[in-house]
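Listed here are the chains, written in short residue letters.
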Amino acid sequence: MLRVERLSMRFGGLLAVDGLSFDVRRGDITALIGPNGAGKTTVFNCITGFYKPTTGRIAMSAEGLADPDAIDALTRSSSRERNGIHLLERMPDHEIARHARVARTFQNIRLFAGMSALENLIVAQHRPLMRASIFSLAGLVGAPSFRAAENAAKQKAGDWLARINLLDRADDPAGALPYGDQRRLEIARAMCADPVLLCLDEPAAGLNPRESADLTALLRMIRDEFGVSLLLIEHDMSVVMEISDHIVVLDYGRKIADGTPAEIRADPSVIAAYLGVPDEEVDAVVQEALS
Amino acid sequence: MAETPVAEHRPASAALAEAARVGLIAGALAFPVLALRAEPDFSNRLVLQPRWSWMLGAAVAGFAGRLLLSLLPPRRPKTAQAAQAKRASRRAAQAFAAFGLGLIFIWPLLVLLALGPGGALKWIDNYGVQILIYVMLGWGLNIVVGLAGLLDLGYVAFYAVGAYSYALLATNYGASFWICLPVAGCLAAFWGVLLGFPVLRLRGDYLAIVTLAFGEIIRIVLINFSALTNGDAGIASIPRATFFGLPFVPGPKGFDAFFGLPFSPIHRVVFLYYLILALALVTNLATLRLRRLPIGRAWEALREDEIACRSLGIDTTKTKLTAFALGAMFGGFAGAFFAARQGFVSPSSFNFTESATILAIVVLGGRGSQIGVAAAAIAIVGGSELLRELDFLKHVFGEDFDPTQYRMLLVGLAMVMMMNWRPRGFVSTREPSIFLGARKQIGGDFVKEGRG
Amino acid sequence: MEVFLQQLINGLTLGSIYGLIAIGYTMVFGIIGMVNFAHGDVFMLSAFIALILFLALQQFFGVQSLALSFVIVLFLSMALTGLWNYAIERMAYRRLRGSFRLAPLISAIGMSIFLSNFVYVAQGPRNKAAPPMFTEVVKLTSGGAYNVTLSYKQILIVVVTAVLLAVFWFVVQKTPLGRAQRACEQDAKMAALLGIDVNRTVAATFVIGAALAAVAGVLYVLYYGVVNAADGFVPGVKAFTAAVLGGIGSIPGAVVGGLLIGLIETFWSAYFSADYKDVAAFSILAITLIFMPSGLLGRPDVEKV
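Since we're looking at a predicted model, the values are computed, not measured.

1. A short note on the overall build of chain A
- In terms of regular secondary structure, chain A is built from 13 helices and 11 strands.
- A globule of 291 residues ought to have a C-alpha radius of gyration of about 19 Å, and chain A, at 20 Å, matches this closely.
- The principal-axis extent of the C-alpha atoms belonging to chain A is close to 65 × 50 × 35 Å.
- Relative to its 291 residues, chain A shows a buried fraction of 58%.
- Put simply, 65% of the contacts in chain A that link residues at least 6 apart link residues at least 24 apart.
- Element-wise, carbon and sulfur atoms account for 51% of the exposed surface of chain A, whose accessible area totals about 11,500 Å².
- Averaging the locations of the 32 positively and 40 negatively charged side chains of chain A gives two centres separated by 7 Å.

2. Some details on the interface of chain B and chain C
- Each partner contributes residues to the interface: chain B has 68 residues there, and chain C has 71 residues.
- Summing both partners gives a buried area of about 6,500 Å² for chain B against chain C, and 71% of it is carried by carbon and sulfur.
- Of all residues in chain B, the largest losses of buried area upon contact with chain C belong to Leu29, Val33 and Tyr206 of chain B, amounting jointly to 11% of the total for that side.
- Joining chain B to chain C, the criterion identifies two salt bridges.
- The closest approach of N and O atoms between Arg126 of chain C and Glu39 of chain B, which form a salt bridge, is 3.6 Å.
- In this structure, the connection of chain B to chain C is made through 11 residue pairs in polar contact (both at pLDDT 80 or more).

3. Thoughts on the pairing of strand β1 (residues 36-40) of chain B
All names here are of chain B.
- In terms of burial, β1 is a largely internal element, four of the five residues being buried.
- In this sheet, strand β2 (residues 46-50) lies alongside β1 in antiparallel orientation, the contact comprising five bridges. If you follow Glu39 over to β2, its bridge partner there is Val47.
- Counting the residues between successive antiparallel strands, the hairpin from β1 to β2 contains five residues, one of them, Asn44, with a positive phi of roughly 65°.

4. A word on helix α9 (residues 209-226) of chain A
Residues and elements named next belong to chain A.
- Between its first and last C-alpha atoms α9 spans 25 Å; for 18 residues at 1.5 Å apiece the expected length is 26 Å, and the two agree.
- Against β3 (29-33), α7 (144-163), α8 (179-192), β8 (197-201), β9 (229-233) and α10 (237-243) lie the buried residues of α9.
- Following α9 by one or two positions, Gly227 has its phi on the positive side, about 65°.

5. Topic: the packing of aromatic side chains
- A complete count under the given rule lists 38 aromatic pairs over all chains for this structure.
- Ring centres of Phe258 of chain B and Phe259 of chain B lie 5.2 Å apart, and the angle between their planes is 75°; this geometry places the pair in the edge-to-face category.
- Under the relative-accessibility criterion, Phe258 of chain B is labelled exposed at 57%.
- On the accessibility criterion, Phe259 of chain B (43% relative accessible area) is partly exposed.
- Judged by centre distance (5.1 Å) and plane angle (5°), the rings of Phe352 of chain B and Phe37 of chain C are stacked.

6. Re the sheet that holds strand β7 (residues 102-104) of chain A
Residue and element names in this part refer to chain A.
- Spatial strand order, β7-β8-β9-β3-β10-β11: six strands in an open sheet with mixed pairing. Whereas interior strands pair on both sides, the edge strands pair on one side only; in this sheet they are β7 and β11 (254-259). Each adjacent strand pair in this sheet contributes to an overall mean axis angle of 20°, direction not counted.
- Of the pairings in the sheet, the one linking β3 to β9 comprises four bridges and is parallel in character. In the strand pairing of β9, Thr30 is matched with Leu231.

7. Observations regarding the sheet that holds strand β1 (residues 2-11) of chain A
All names here are of chain A.
- If you trace the five strands from one edge of the open sheet to the other, you get β2-β1-β4-β6-β5, paired in antiparallel fashion. In the strand order of this sheet, the two ends are held by β2 (14-24) and β5 (81-82), each with one partner.
- Sheet topology places β5 next to strand β6 (residues 85-87); two bridges connect them, and they run antiparallel. Of the residues in β6, the one forming a bridge with Arg82 is Ile85.
- Sitting on the sheet, helix α2 (residues 68-76) is in contact with β1, β4 (55-61), β5 and β6, with an inclination near 45° to β6.

8. Observations concerning the domain arrangement of chain B
- According to the domain assignment, chain B consists of domain 1 (7-71) and domain 2 (96-421).
- Computed from C-alpha atoms alone, the centre-to-centre distance between domain 1 of chain B and domain 2 of chain B is 38 Å.

9. Description of the packing of helix α13 (residues 352-365) of chain B against helix α14 (residues 370-386) of chain B
Residues and elements named next belong to chain B.
- Two elements in contact, α13 and α14, have axes whose closest approach is 7 Å; the angle formed by their N-to-C orientations is 130°. The angle between α13 and α14 places the two elements in the oblique class. Considering the relative orientation of α13 and α14, their crossing is right-handed. Counting all contacts with α13, which are made through Thr357, Ala360, Ile361, Val362, Leu364 and Gly365, the residues of α14 involved are Gly372, Val373, Ala376, Ala377, Ile380 and Val381.
- Residue composition of the contact of α13 with α14, grouped by class: nine nonpolar, three polar and no charged.

10. Topic: the interface of chain A and chain B
- Opposite the 44 residues of chain A that make contact, chain B presents 34 residues.
- Summed over both sides, the interface between chain A and chain B buries roughly 3,400 Å², with carbon and sulfur atoms accounting for 66% of that surface.
- Broken down residue by residue, the surface that chain A buries against chain B is led by Phe112, His126 and Asp171 of chain A, which jointly contribute 17%.
- Our count for the chain A to chain B interface comes out at five salt bridges.
- Notably, a salt bridge pairs Arg297 of chain B with Glu150 of chain A, separated by 3.0 Å at the nearest N-O pair.

11. Description of the pattern of salt bridges
- Counted under the stated rule, the structure contains 42 salt bridges over all chains.
- Of the charged contacts, one joins Arg169 of chain A and Asp172 of chain A as a salt bridge, the two residues approaching to 3.0 Å between their closest N and O atoms.
- Using a relative accessible area of 13% as the deciding quantity, one classes Asp172 of chain A as buried.
- The closest approach of N and O atoms between Arg219 of chain B and Glu216 of chain B, which form a salt bridge, is 2.9 Å. One end of the pair is Arg219 of chain B and the other is Glu216 of chain B, both in helix α6 (residues 204-224) and three residues apart, which spans about a single turn.
- Classification of Arg219 of chain B by relative accessible area gives buried; the value is 18%.
- If you follow the salt bridges from partner to partner, you end up with Glu119 of chain A together with Arg291, Glu300, Arg303, Glu304 and Arg430 of chain B in one network.

12. Observations regarding the pairing of β1 of chain A
All names here are of chain A.
- Across seven bridges, the pairing between β1 and β2 is antiparallel. Note that in β2 the partner of Arg10 across the bridge is Leu15.
- The pairing of β1 with β4 spans five bridges and is classified as antiparallel. Considered in β4, the bridge of Glu5 is made with Arg57.

Cut-offs applied
Residues numbered from 1 in each chain as written. Chains lettered and ligands numbered in written order. Predicted model: local features only at pLDDT ≥ 70, side-chain atom pairs only at ≥ 80, totals over all residues. Heavy atoms only, no water. Helix = DSSP H or I, 4+ residues; strand = E, 2+ residues; numbered from the N terminus. Rg over C-alpha atoms; globule rule 2.2 N^0.38 Å. Buried < 20%, exposed > 50% of the residue type's maximum accessible area, 1.4 Å probe, protein only. Contact = heavy atoms within 4.5 Å. Areas by Shrake-Rupley, 256 points an atom, 1.4 Å probe, with all protein chains shown as cover. Lys, Arg positive; Asp, Glu negative; His and termini not counted. Charge placed at Lys NZ, Arg CZ, Asp CG, Glu CD. Buried area = accessible area lost by both parts, 1.4 Å probe. Salt bridge = Lys/Arg side-chain N within 4 Å of Asp/Glu carboxyl O. Polar contact = N/O pair within 3.5 Å; in protein donor to acceptor, adjacent residues only side chain to side chain. Pairing = 2+ DSSP bridges. Expected span 1.5 Å × (residues − 1). Phe/Tyr/Trp six-rings, centres within 6.5 Å; stacked < 30°, edge-to-face > 60°. Axes fitted to C-alpha atoms, helices over the stretch in contact; angles between N-to-C directions. Domains from an automatic or database assignment. Parallel < 35°, antiparallel > 145°, perpendicular 65-115°, else oblique. Left-handed = near helix turned anticlockwise from the far one by under 90°. Nonpolar A, V, L, I, M, F, W, Y, C, P; charged D, E, K, R; others polar.

So this is what it looks like as structure tokens:
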């Protein structure tokens, strides 16, 4: 459903991403891995519109991208969207979230710290609520249709709080929650924006093993119950190998491998790339490969 | 030094030495500007007149002030007691709000009863109408600064747009106040959008300086575009606000005659009082309502984290623009009221000090808290008006002592002291706009102030 | 051509003054991230200090040599203004450091109101006119309809500014104090952990900024010959504009921004309308920021996602 083609991003003299191409298939959990500084987050920022890529094409469609000619035809035109296919590199960030329905989380958690957990989830439903309140006019006079919409939003938020086990802390400031809860709340917030593709930037960073296990369950549930495809950046190899259907490995901005977890595990170039990094990630990968 | 936590255990000699040091510095600071006054002589050449006693006074004041400060108990660290005190202060704030609102409603009547029509005029006008204008301006700016977290140093520009809109429409076309009021608000909002559109991409202090520049540009244009605005002299004899068509004038056509009352200027002032009170309350209710709507939540989310907002599909430019335009609109309403009350507008009413005062009200109030902003407006505007009442000091310092000269001096000093005393303002907690369970406050430590 | 040359000279003179004030804004902003709104009034105060010291030298000590009194006044004003800014930082800002961004801003605005009214109360509301000094001029062109002149004052202003900027640049680049300042600019907490006295470094920054503002104050009195208690605001805002235009936090940027604002203002007055010279300066600021959001020489303020 997402096709990244020949994507390059240059910062001054640094080529952070270099001619990268890969696909995210519908209903898959796709992992983007690679050593620190490989350009993973940059790829994310290009997909979600926070950076404009130097060159390359990013096509996205909720229905899937079966027909390459349709993408080419759209590329030749000057429009951003046709027949449900969006060209993300032509869209500003908030429109990617709204129209192409790509939601994301951040490596350094970006919750609205001074707002309650519930408010965080309500803000994520900004678009439907804005429409229901007719850009605040119906809301100002307290129209019943708006109240119904707000109750529905509250219901949805309550439902997500229950799923991530935070119902009892709904009215506490998001900034006061423990780290692991904040990570889950950020995922729930992204889900409240009603995406078809959810991009997660290191969702397991800083989690203990039990929290990691909860997280994998949550991600599976999102995929199976809501049919949302996932693209994630992750360093925790146990999480990656456990849940991914498809792994893309980056090093120095280039793709060095692309395949199923089993294929990646056996790929010597992946192991070589990780050997340059003197930390436990190396051990993790080596262990995985040997086992 | 002041922040040493064990100040009270220090020997008195150390406190004295520190006080002496401060006294010495104060004396040195006072040396050229305070101790030697330059006055022109007969041939218009400046001659210095020494006033060494002033310098001595400054040194003594520094010494005594520092000594007093070291006698104060040091700040207590946060404890459970402090949390309890916080809850108590919250209850006190609620009680204060209820009591304050009641008092505001009956204030003119109370003053009338106490002082009679003659004496009450000043108290209703200076301490009622004047303060309420700033309450309204504070609430209007609060949308921009407190909710959306955008630092606007040129808010007075919109106040000016509102005032001049009314002044020009009323004097040139004879339009009535009630027609001009919405027009003034819309014009101010229009200017808000016009200014906001290019500059709202800027962040933090860049936005601050550009809004300040815009405020100054408006003022300079008002001064120099004489054909329209009559320049520095301003626009005089603007029609006053009428009681739904009935002017407050003596004679058979006036308000007093219509209701069979003897003519008295107090009627007009009381009317203006309730008019600005109504306008301020409308501002307040609209803000409270908007906070509970998606747009208001988006403002607050913007203040907390702009990037996260964008990732959720919120168009931050439009969201900022609405905050800017709405804040400007309320400023415009207040401006129209100001022109209708004074009957005279000139560029000097719209200088940077006004913007600074309104911003100070919002910040001292606690950015986002409606009650806090109202309390801060009363403290700052009421306090500075009270300083006009210092005539009795002439008995202490002699006849040539002019206390009004010291008013702004003290206002400035008070701003510094209040900020050092309460950097987060009167009310730093925020109440979530929607609840699942019990109503809870969010501590000020979590609430961000925005980078815009 | 003659008019152009003359305005170039006048603009650079005025720009030197703005640049000196702008450095104070930019340094304080760089080190504690605060807009020191009172800085314009510190400049005005320094102009008064300079004027009074000059009169005092004549009246009480009978110093007749202009050069001698200029040097004495310059250094004494720098010291006294530095002391003032030290006291201001200690009283109004130190406790607010690291707190909300708006609290120190309001405190600074309060300080600005205090300072201008302090001078107003102490010295009265009227303009103070200094006796004319260094009145000689050099004629650069003659014979045409218009003589381009370069006054001794202007030479003095540009030379003093250049020399002091060189000294200042040395201090910031080569001394331990400058190193401490740059360290605090990067990360005050880390600097403190590494044994840098952050309080003292910040205080030194305020003193240096004030000393440079005092140079501007002395030159202002010399150049215009008139000061008023209300004279802090407009040059202050212009210098702040200059600092932002050059890229706030960047010291060369402040100087470049100051010169630019000075030039824009004088050229606009000469060729268009003196009434709208401030509008021109502010509009150029707004336009620059819209297209170059971090100023001319500032570091781009990229928020990491």
